[in-house]
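# A structural walkthrough
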Amino acid sequence: MFTKILIANRGEIAVRVIKTCRRLGIATVVVYSDADAGSMAVEMADETVHIGPSPANQSYLVADKIIDACRQTGAQAVHPGFGFLSENAGFAQRCADEGIVFIGPNPGAISAMGDKIESKKFAQAAGVSCVPGHIGEIDDTAHAIKISEEIGYPVMIKASAGGGGKGIRVAWTQQDVEEGFPAVRAEAKASFGDDRIFIEKFIVSPRHIEIQVLGDKHGNVVHLFERECSIQRRNQKVIEEAPSPLLDEATRNAMGAQAVALAKAVNYDSAGTVEFVAGQDKSFFFLEMNTRLQVEHPVTELITGLDLVEQMIRSAWGEKLAFEQKDLKINGWAIESRIYAEDPYRKFLPSIGRLVRYAPPAEGQHDGYVVRNDAGVREGDEISMFYDPMISKLCTWAPTRIAAVDGMGRALEDFHIEGLGQNIPFLNAVMDQERFRSGNLSTNYIKDEFPDGFAGTEPTATQADILTVVGAAMQRVYAARARTNVAGLNGPVRDAWVVAVGHAKRRVKLAGEETLTVELLDEGRTLTLSDIAWRPGQPTFRGRLDGQAFTVQVAPAAEGFTIRHRAAKARVLVLTPRSAELHDKLPEKQAADTSKLVLSPMPGLVVSMDVTAGQQVREGEVVCVLEAMKMQNIIRAERDGVVKAVNAKGGDPVAADEVLVEFS
């Protein structure tokens, strides 16, 4: 077995590979850029090598630097993780030429299947059903428009070397192609060093289902069943699960057999994924093959009990697969939620910054479910604008799908992050939706269910009870503390309050100490709050309401608290009866008028400023293009008007909410 492996990647996948290598007794080398100098992966590795500036095209994408690091440290093999050089056939061949083992498929398999254009040509020749499209390179925007019109809108514009949701756009009109084609080409060049583009028909309301395959160097290939990856936003996977709630055994076997046949045809000898687009009628078409480890591989590991990183290492060493297809079984159900540094309340725009607080749920066995959290960050780390905005991958496993979904809901409750925007409330909202819980999924799910973006959810009756009793319990602690700090005050703490959750007010009466009874005076009900885990200053409040466990995020606010349970967040005021009367007479604060301003929705870099002072601009016209985390975002005018001032130019860094353009 290898004695030293170099990991040509960063973040959570570098940490993931290190953990398996440690278990196998293999020393690790991690390469790092300027931005990752103090990272968790660098701290965990046995050796480290600095490979340059923060931009990926000056560090992680430079093959010479990776090869030099192997020579410098004596690493026998390279694990590329995902992204960067993981699907680069030239790099895999370079490793072979240098006598370094590439822990992934052979260069021939990468060339045949890793390139999106070539893979479709190969699949067609092999008789695999493919999505209709243009199989070939595209010269320019005019050529892209011509092809799109021949195929028929809507079409998908995709980078040939793409992955991870980058370099991909859906075009519904000629204007979408005119704007999207150059943007995809620019993203592809920046992220993958390859600006070739192809176009294919976009199938409306499809499901995205992929088959995990695993091969060795002796001609053996098996599949490890499927993953459902239909919950996507901007073509970036958000929630994945294994197995799929769509498939029956016959369809699963048919998809698995096709994936294995395709892998065997290219002598595939590592972990890889054959992706399909599936109809609700269980029809399916080959989409592409990812010749690498997938981000969502943990859900497959949870239902099969296999370590895919270990299997890749063993295959690269030359070992035969230790099992056959008949030995593999699906055990239970697993869900993965990608925790992203993005603000769901602001159209999911990237949110760069420092993890002031980072407290994930405890891994391992819980009440009826198992938690796994793959992360490459710690409290105090910074999420950089140079790389993918993923913070961690939270997974739950349970014997059934609904138990895994319920477990994910509880695990997300227990996940606390401060310092930047994150999508945990949104993920919780999905877990609570009846449509998701029923398994009625499609790649349009987020667009269908959140057509106007995400603004949180209104508290359910149960959540209103939780917010009420938590607010009252917290106020009781603060009131008791205040009395002990004032000389001469004796007697019991007030037990009668008016709790306002948003605009709804409820009269309550509290009794008890470690376990509280909260009487809802106007409703004839009494709630029991037990197992309280909170003290002033803590950002989370845990407890049981009438025996049901919950966790809420809490923070002090003017006159009360801001409390969030899952996707329901409210300002909770706990008032004396007299204060409640007076509070109704206070005028509400008016929000500032920003209708004449174009604000930067995120921190990033201005790629281009497309308007000038004095220019007449119509609603919907492009004002500027911003780049953050390798994604280009088109900022459009939200109203007609004349530009009064332009406050930024191409190449300028800007902060969130910075004024870019002013209208007269």
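Refer to the preceding data block for the structure.
Described in the following lines is the structure provided in the data block. Fair warning: this is a prediction, and the values are worked out from it, not measured in the lab. Residue positions are counted from 1 within each chain, in the order its sequence is given. Local features in a predicted model are, by the rule used here, given only for residues with pLDDT of at least 70; side-chain atom pairs are given and counted only at 80 or more, and totals for whole chains, interfaces and linings are based on all residues. Side-chain numbers here rest on the full set of heavy atoms in the structure, without hydrogens or water.

Looking now at the sheet that holds strand S11 (residues 221-233). Taken together, 9 strands build an open sheet; the order of strands is S14-S13-S10-S11-S12-S15-S23-S21-S20 and the sheet is antiparallel. Pairing within the sheet leaves two strands with one partner each, and these edge strands are strand S14 (284-290) and strand S20 (364-365). For two strands to be treated as a pair, DSSP must find at least two bridges joining them. A run of DSSP states H or I qualifies as a helix once it reaches four residues; a run of E qualifies as a strand once it reaches two. Both are numbered from the N-terminal end. Note: strand S13 (residues 271-278) against S14, 6 bridges, orientation antiparallel. Across the sheet, the residue bridging to threonine 273 is asparagine 290, located in S14.

The residue after tyrosine 153, namely proline 154, is reached through a cis peptide bond having omega 0 degrees. Its place among the elements puts proline 154 in the loop between helix H7 (141-151) and strand S7 (155-163). Of note, the phi angle at asparagine 267 is positive, near 55 degrees, even though the residue is not glycine. Examined against the element boundaries, asparagine 267 turns out to sit in the loop between helix H9 (249-265) and S13. The class of asparagine 267 is exposed, set by a relative accessible area of 59%. Even without glycine at this site, lysine 347 takes up a positive phi of about 60 degrees. Mapping lysine 347 onto the fold places it in the loop between strand S16 (342-343) and strand S17 (349-350). Each residue gets one of three labels from its accessible area relative to the maximum for its type: buried under 20%, exposed over 50%, partly exposed in between, using a 1.4 Å probe on protein chains only.

Our focus in this paragraph is the packing of helix H12 (residues 401-413) against helix H13 (residues 424-432). Orientation of H12 relative to H13, taken along the N-to-C sense of each, is 155 degrees, at an axis distance of 9 Å. As far as their axial angle goes, H13 and H12 are roughly antiparallel. Every pair of crossing elements has a handedness; the one defined by H12 and H13 is left-handed. Mapping the contact onto sequence places Val405, Met408, Gly409, Leu412 and Glu413 in H12 and Ile424, Leu427, Asn428 and Met431 in H13. With axes taken as lines fitted to C-alpha atoms, and helix axes fitted only over the stretch in contact, angles between N-to-C directions fall between 0 and 180 degrees. Each angle receives one of four descriptions, namely roughly parallel if under 35 degrees, roughly antiparallel if over 145, roughly perpendicular if within 65 to 115, and oblique otherwise. By definition, turning the near helix anticlockwise from the far helix through less than a right angle yields a left-handed crossing, and turning it clockwise yields a right-handed one. Here, two residues are considered to be in contact whenever any of their heavy atoms come within 4.5 Å of each other.

Among the 8 residues that make up helix H10 (residues 297-304), 8 are buried, leaving the element largely enclosed by the rest of the structure. Listed in full, the buried residues belonging to H10 are His297, Pro298, Val299, Thr300, Glu301, Leu302, Ile303 and Thr304. Phi turns positive one or two residues past the end of H10, at glycine 305, with a value near 80 degrees.

Attention now goes to the sheet that holds strand S4 (residues 77-79). Judged by pairing direction, the sheet is parallel, and its 5 strands sit side by side in the order S3-S2-S1-S4-S5 without closing on themselves. Each having just a single partner strand, strand S3 (47-50) and strand S5 (101-102) make up the two edges of the open sheet. Lying over the sheet, helix H3 (residues 63-73) contacts strand S1 (4-7), strand S2 (27-32), S3 and S4, oriented at roughly 155 degrees with respect to S1.

What follows deals with the pattern of salt bridges. For this analysis, a salt bridge means a side-chain nitrogen from Lys or Arg found within 4 Å of a carboxyl oxygen belonging to Asp or Glu. Counted by the stated rule, this structure contains 58 salt bridges. In this structure, the salt-bridge partner of glutamate 200 is lysine 158, at a minimum N-O distance of 3.8 Å. Taken as a pair, glutamate 200 in strand S9 (residues 197-201) and lysine 158 in strand S7 lie far apart in primary sequence, 42 residues in all. Summarising the burial analysis for this pair, glutamate 200 and lysine 158 share the class buried. In this structure, the salt-bridge partner of glutamate 449 is arginine 435, at a minimum N-O distance of 2.9 Å. Of the two residues, glutamate 449 is situated in helix H15 (residues 445-449) and arginine 435 in helix H14 (residues 434-438); the sequence distance between them amounts to 14 residues. For glutamate 449, a relative accessible area of 29% gives the class partly exposed. Judged by relative accessible area, which is 19%, arginine 435 ranks as buried. Three or more residues joined by partner-sharing salt bridges are found here, namely Arg16, Arg23, Glu301, Asp307, Glu310, Arg314, Glu319, Arg372 and Asp374.

The next point concerns the environment of asparagine 440. Mapped onto the secondary structure, asparagine 440 falls in the loop between H14 and H15. Note on asparagine 440: relative accessible area 40%, which makes it partly exposed. Those residues within four positions of asparagine 440 in sequence are excluded, and the remaining contacts are Arg207, Arg435 and Tyr445.

Of the residues making up H7, those classed as buried are Ala144, Ile145, Ile147 and Ser148. The arc that holds every buried residue of H7, seen down its axis, measures 165 degrees, which confines them to one face. Opposite the buried face of H7, by more than 90 degrees, sit the exposed residues Ala142 and Glu150. By the criterion applied in these results, polar contacts are pairs of N or O atoms within 3.5 Å in which, for protein atoms, one can donate a hydrogen and the other can accept it, and in which residues neighboring in sequence qualify only through two side-chain atoms. Backbone nitrogen of alanine 142 and a side-chain oxygen of the N-cap are separated by 3.3 Å at the start of H7; the cap is aspartate 140. Looking one or two residues past H7, glycine 152 carries a phi angle of roughly 100 degrees, positive in sign. In this context, the arc is that of the directions from the helix axis out to the C-beta atoms.

Pairing of aromatic side chains requires ring centres within 6.5 Å, counting the rings of Phe and Tyr and the six-membered ring of Trp. Pairs whose planes differ by under 30 degrees are stacked, by over 60 edge-to-face, and all others tilted. Taken as a whole and assessed by the stated rule, the structure comprises 18 aromatic pairs. Ring centres of tryptophan 172 and phenylalanine 202 lie 6.0 Å apart, and the angle between their planes is 75 degrees; this geometry places the pair in the edge-to-face category. One end of the pair, tryptophan 172, is in the loop between strand S8 (166-171) and helix H8 (174-192); the other, phenylalanine 202, is in the loop between S9 and strand S10 (207-215), and 30 residues separate them in sequence. When its relative accessible area of 11% is taken as the criterion, phenylalanine 202 is described as buried. These aromatic residues form a ring-pair network of at least three members: Tyr345, Phe348, Phe426, Phe450 and Phe454. Sitting over the ring of tryptophan 497, arginine 494 keeps its end group 5.8 Å from the ring centre. The criterion is that NZ of a Lys, or CZ of an Arg, lies within 6 Å of the ring centre and within 35 degrees of the ring normal, and then a charge sits over that ring. Over the aromatic face of tyrosine 345 sits the side chain of lysine 569, whose NZ or CZ is 5.1 Å from the ring centroid.

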